[in-house]
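Examining the three-dimensional arrangement
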Amino acid sequence: MNNTNKILIDDIENAPNKCLEVDFDEVIEDIPSKEPVKAHLKIKSLGDFIEITGNVKANLTLECDLCLKEFEYKLDENIDEMFAKNTLQEEYGQETEIKDGQFVTDLEGQNEIDICDLLYQSVILNIPNKKVCGINCNKGVFQTDEEFVEEDPRMEVFKHIKLDK
């Protein structure tokens with residue numbers, strides 16, 4: 001793998017068995033993590049297509065949707081992506097029905113695959129829609145031994161909202 005985190009199609013084609021294994025351990029810009037994203041990928045040429053399989057792991061820093069406190073979320077996802085080397089439109093025409101499992105990224109004739117972009121998309125698409133710090137989140141009210149701690153002051157504005165019935 002070269003230093004720019006892009007895999008050249010020619011490098012895949014010229015590899016033994018047309019297969020490369022890549023380890024990734026770097027910070028990716030715009031991913032909410034203080035630590036590097038880690039991945040192990042197997043990249044294989046299948047004729048007109050490139051298949052990338054493997055696993056991505058990241059310790060994300062998310063904000064709870066209920067109490068607004070930051071919490072750590074451990075992401076551990078498998079990757080199974082397919083890339084078309086040549087433009088799909090030329091081969092299949094304007095309308096093509098996509099069946100289950102046929103999601104293919106069109107490289108549109110490019111000679112490389114951006115690993116950072118692939119991992120960025122994999123991580124971002126696997127962040128949960130509802131981010132909750134834990135099963136016992138009390139929406140900003142936390143009980144200590146004998147007393148309640150006040151709610152998050154940022155939530156104060158919502159106490160004064162008046163709704164018409």
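Residues numbered from 1 in each chain as written. Predicted model: local features only at pLDDT ≥ 70, side-chain atom pairs only at ≥ 80, totals over all residues. Heavy atoms only, no water.

Description of the pattern of salt bridges
One pass over the structure, following the stated rule, counts five salt bridges. Of the charged contacts, one joins Lys38 and Asp25 as a salt bridge, the two residues approaching to 3.5 Å between their closest N and O atoms. Highlighted residues: Lys38 in strand 3 (residues 37-45) and Asp25 in strand 2 (residues 19-26), separated in sequence by 13 residues. Salt-bridge contacts for Lys74 lead to Glu72; the nearest nitrogen and oxygen are separated by 3.1 Å. (Salt bridge = Lys/Arg side-chain N within 4 Å of Asp/Glu carboxyl O. Helix = DSSP H or I, 4+ residues; strand = E, 2+ residues; numbered from the N terminus.)

Quick notes on the sheet that holds strand 6 (residues 104-106)
The mixed open sheet is built from five strands, whose spatial order is 2-3-4-5-6. Edge positions in the open sheet fall to strand 2 and strand 6, since each of these has one partner strand only. Direction aside, neighbouring strands of the sheet carry axes that sit 30 degrees apart on average. As judged from the eight bridges shared by strand 2 and strand 3, these two strands associate in the antiparallel manner. In the strand pairing of strand 3, Asp25 is matched with Lys38. The sheet contacts of helix 3 (residues 115-125) involve strand 2, strand 3, strand 4 (49-63) and strand 5 (70-84), and relative to strand 3 the element is tilted by about 120 degrees. (Pairing = 2+ DSSP bridges. Axes fitted to C-alpha atoms, helices over the stretch in contact; angles between N-to-C directions. Contact = heavy atoms within 4.5 Å.)

Examining helix 3
For helix 3, the complete set of buried residues consists of Ile115, Leu118, Leu119, Ser122 and Val123. The arc enclosing the buried residues of helix 3, seen along the axis, measures out at 125 degrees, which places them on a common side. Its buried side turned inward, helix 3 meets strand 1 (6-8), strand 2, strand 3, strand 4, strand 5 and strand 7 (112-114). Put simply, Asp114 is the residue that caps the front of helix 3, since its side-chain oxygen is 3.0 Å from the backbone nitrogen of Cys116. (Buried < 20%, exposed > 50% of the residue type's maximum accessible area, 1.4 Å probe, protein only. Arc of directions from axis to C-beta. Polar contact = N/O pair within 3.5 Å; in protein donor to acceptor, adjacent residues only side chain to side chain.)

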